[in-house]
Amino acid sequence: MKILSWKDHGFLKAVEAVCQRATQQNSKVEQSVRAILDTVRREGDKAVQRFTHRFDGIRIRPDQLRVGRQEIYEAYTALPTSDTKALKYAARRIRTFHRRQRRTTWIYRKDGIQLGQMITPLDAVGVYVPGGKAVYPSSVLMNAIPAKVAGVGRVVMCTPTPSGSIHPSLLVAADIAGVDEIYRVGGAQAIGALAFGTPSISSVDKIIGPGNLYVATAKRLVYGYVDIDMIAGPSELLVLADSASNPSHVAADLLCEAEHDEEARVYLVTTSMALAKRAVKEVNRQLAELGRQAIASRSVDAHAMAFVVRTVEEAFALANQIAPEHLSLNMTSAFTYLPRIRHAGAIFVGRYTPPAVADYVAGPNHVLPTGGSARFFSSLGVDDYIKRSNVVAYSQAALHKAKRSVVRLATLEGLDAHGRSMESRWT
């Protein structure tokens, strides 16, 4: 893990590289994914079968795509009771938090005019659950529970099964979250099936959930046919620490994020060179004890940076410039600094708020913007599963008062029919 001081020649260049970390589009991947999507749109289940065999190595009939109730029941039996209890505990916390985000239809009336917004949930949502280096039942909860809180009628889950089976924890999590349909299909072909529909998998209105570069590219290409949540990149954490921070805690939090993936990005920003050196030493010590040491080591070696700046003001300016997915305020009187954060997907305040508690059981969503997109994207929530429809109602008297202005504006824009639609009410 490299340490760079504000005095070092390469400091600004390193900061610029971090700020440009967003995943670049890969033309070869896009060409391949486009071909997969076009084939799924034309051939439906046959294409899904063929690509599943090619990429996951399993042959599956259309009638085997959907997971049945018996398999879900068996998953409960296979999963340790303590794991099921933990998932239910997390689900209660997530559901409670997201219920506070719910919106309601509103209308106000004045001078014969009624204006407002009607809130309606999406009809159907597709949740993609990756099946790569790890199993993420917590992501099933985070993606599906807000949809159900919002009132989505049909929540569909797709996940690859290269081993031929779905991990019991994913099935239990899906059942706890209220998922309505589960399909054993992954990759770009799953995104195509969710977007365009097949005889076995009906299309949805929105696709959410992370995936590899092929899945992310597929989501980007189907946007417009359906909505998507965001294009997720590698996981990120930035720790803002002061001289009183415990270097062991800082290192543990950095590695908590680094173990996700070789491409995960972790950063330390501090005014204390001594703290930076101790934290980096701790990172190296703790790495040797990790079960996912190889993955975390590649992440740290390739991407981890410790930035030492002159002042607290510079520390927050740099943090906002990087706009990380996760930001940890490991500082004395941390809450007093909260207003200084402008760009972060999630903020962990204080020395006793490790990222792990928010990843699993705190309640707020852990699906967050990456690659600096926290400048304009927000965390996943109930708002992502609803539509707002404007409501407008005029009385005859109120419309008459507006007539002259509407006709003038229509004339200004050269839209005669607009003006006539007004005047027709009095002819």
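Use the structure listed above.
About the criteria used
- Residues numbered from 1 in each chain as written.
- Predicted model: local features only at pLDDT ≥ 70, side-chain atom pairs only at ≥ 80, totals over all residues.
- Heavy atoms only, no water.
- Pairing = 2+ DSSP bridges.
- Helix = DSSP H or I, 4+ residues; strand = E, 2+ residues; numbered from the N terminus.
- Axes fitted to C-alpha atoms, helices over the stretch in contact; angles between N-to-C directions.
- Contact = heavy atoms within 4.5 Å.
- Parallel < 35°, antiparallel > 145°, perpendicular 65-115°, else oblique.
- Nonpolar A, V, L, I, M, F, W, Y, C, P; charged D, E, K, R; others polar.

**A word on the sheet that holds strand 14 (residues 386-394)**
Ordered in space as 2-3-14, the three strands form an open sheet in which the pairing is antiparallel. Each edge of the open sheet is held by one strand with a lone partner, namely strand 2 (106-110) and strand 14. Mean inter-strand twist for the sheet, computed between neighbouring axes without regard to direction, equals 10°. In this sheet, strand 14 lies alongside strand 3 (residues 113-121) in antiparallel orientation, the contact comprising nine bridges. What sits directly across from I119, in strand 14, is R388.

**Notes on the sheet that holds strand 11 (residues 305-308)**
Adjacent strands of a sheet pair through backbone hydrogen bonds, lying either parallel or antiparallel. Judged by pairing direction, the sheet is parallel, and its six strands sit side by side in the order 1-11-10-9-12-13 without closing on themselves. The sheet terminates laterally at strand 1 (2-5) and strand 13 (346-349), the two strands that pair on one side only. Looking at each pair of strands side by side, their axes are set apart by 15° on average, direction ignored. Its contacts with the sheet place helix 10 (residues 247-258) against strand 9 (236-241), strand 10 (265-270) and strand 12 (326-330), and it is angled at close to 170° to strand 9.

**Observations concerning the packing of helix 2 (residues 27-43) against helix 3 (residues 45-56)**
In contact at an axis separation of 6 Å, helix 2 and helix 3 are set at 140° when each is read in the N-to-C sense. Our classification of the angle between helix 2 and helix 3 gives oblique. Contacts between helix 2 and helix 3 involve I36, T39, V40 and E43 on the former and, on the latter, D45, K46, A47, V48, R50, F51 and F55. Here the contact of helix 2 with helix 3 is composed, by residue class, of six nonpolar, one polar and four charged.

Interpretation in functional terms is not warranted from these geometric data alone.
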